[in-house]
Amino acid sequence: MKFLSDKLDLRLYQQTILGTASKHNTLVVIPTGMGKTFIAIGLAGLLANTGKKVLMLAPTKPLCVQHWKTFSRFFDSKDDELVVMTGAVAPEVRKKLWASGRIFFATPQTVENDLMRRFIVPDEYGLVVFDEAHRAVGDYAYVWIAKQFNTVNNTRLLAMTASPAS
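Structure report, in brief. These numbers come from a predicted model, not from an experiment.

It is worth spelling out the pattern of salt bridges at this point. Counted according to the given criterion, the structure contains 3 salt bridges. R94 is the salt-bridge partner of D114, the closest N and O atoms lying 2.7 Å from each other. Within this pair, whereas D114 is found in helix α5 (residues 108–116), its partner R94 is found in helix α4 (residues 91–100), the two being separated by 20 residues in sequence. R94 carries the same exposure label as D114, and that label is buried. Across the salt bridge formed by R117 and D114, the nearest N and O atoms sit 3.0 Å from each other.

The next thing to look at is the packing of aromatic side chains. Each aromatic ring pair is specified by the distance between its two centres and by the angle formed by the two planes. Counting across every chain of the model gives 9 aromatic pairs. Relative to Y125, the ring of F104 has its centre 6.2 Å away and its plane inclined at 50 degrees; by these criteria the two rings are tilted. Of this pair, F104 sits in strand β6 (residues 103–106) while Y125 is found in strand β7 (residues 125–131), placing the two residues 21 residues apart along the sequence. For Y125, a relative accessible area of 1% gives the class buried. Look at Y140 and Y142: their rings are 5.0 Å apart centre to centre, the planes differ by 80 degrees, and that puts the pair in the edge-to-face class. By relative accessible area, Y140 is classed as buried at 19%. Feature note: the residues F3, F71, F75 and F105 constitute an aromatic cluster, connected by ring pairs.

With parallel pairing, 6 strands are arranged side by side in an open sheet as β2-β8-β7-β3-β6-β5. For this open sheet the edge positions go to β2 (26–29) and β5 (82–85), each flanked by a neighbour on one side alone. Along the sheet, successive strands turn relative to each other by an average axial angle of 15 degrees, direction set aside. For strand β3 (residues 53–57) and β7, the ladder comprises 5 bridges, and the chain directions are parallel. Pairing of V54 across the sheet is with L127, part of β7.

Regular strands place side chains that alternate from one sheet face to the opposite one. By the criterion of burial, β3 is predominantly enclosed, with 5 of the 5 residues buried. Burial along β3 is two-sided: the face carrying K53, L55 and L57 and the face carrying V54 and M56 are both buried. The pairing of β3 with β6 spans 4 bridges and is parallel. Opposite V54, over in β6, you have I103 as the bridge partner.

On to the packing of helix α1 (residues 12–21) against helix α2 (residues 36–46), then. Running from N to C, α1 and α2 point in directions that differ by 45 degrees, and their axes come no closer than 10 Å. The orientation of α1 relative to α2 falls into the category oblique. In this structure, the crossing between α1 and α2 has a hand that is right-handed. Judged by residue contacts, Q14, I17, L18 and A21 of α1 engage F38, I39, G42, L43 and L46 from α2. Here the residues of the contact of α1 with α2 are counted per class, giving 7 nonpolar, 2 polar and no charged.

Here we come to the nonpolar core. One broad rule of soluble globular proteins: the nonpolar side chains tend to lie buried together. Core analysis: the largest hydrophobic core is formed by 30 residues, its most contacted members being F71, F75, L127 and L158. Those elements that place two or more of their residues in this core are α1, α2, β3, α3 (61–72), β6, β7 and β8 (156–161). At 5 residues, the largest contribution of residues to this core is made by α2. Counting residues in hydrophobic clusters, the runner-up holds 22 residues, among them A106, F119, A133 and F149.

The rules behind these values
- Residues numbered from 1 in each chain as written.
- Predicted model: local features only at pLDDT ≥ 70, side-chain atom pairs only at ≥ 80, totals over all residues.
- Heavy atoms only, no water.
- Salt bridge = Lys/Arg side-chain N within 4 Å of Asp/Glu carboxyl O.
- Helix = DSSP H or I, 4+ residues; strand = E, 2+ residues; numbered from the N terminus.
- Buried < 20%, exposed > 50% of the residue type's maximum accessible area, 1.4 Å probe, protein only.
- Phe/Tyr/Trp six-rings, centres within 6.5 Å; stacked < 30°, edge-to-face > 60°.
- Pairing = 2+ DSSP bridges.
- Axes fitted to C-alpha atoms, helices over the stretch in contact; angles between N-to-C directions.
- Parallel < 35°, antiparallel > 145°, perpendicular 65-115°, else oblique.
- Left-handed = near helix turned anticlockwise from the far one by under 90°.
- Contact = heavy atoms within 4.5 Å.
- Nonpolar A, V, L, I, M, F, W, Y, C, P; charged D, E, K, R; others polar.
- Core = buried A, V, L, I, M, F, W, Y, C linked by side-chain atoms within 4.5 Å.

All quantities given are derived from atomic positions and should not be read as evidence of function.
Here's what the structure looks like:
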């Protein structure tokens, strides 16, 4: 998989956030339309040649598909390397896809279920992105998922929101 970095033209504030997020788990709070997804793409691009996988979580299937389409513009990859994973994909198929893919776009409920089934090996991931991170409260799946990946050395967590909760 090749990251097409010349296609990614980040603004200075995005470059600054990317620099921080490459070294630390980061919560990005900037308004809608200011390029949070492009920061996630840049961070994923830094991992493109490391052999580590990337997981991007979004609360709905349409948002997962939207992220997949956006990421696809910046990665030269085989068809099975960028994968949308939702409950619409049968569990036995997901198990195979988790093993073979590189960048995943998934709903939190799917990831929670597949972590419990041990279809997902957290040590294989270099980045987990939580889109719409303001949802990460109480019993929402983001909370449990973050705890599973936060125990893994060298897995970067990137949370993004335009509307932080109080």
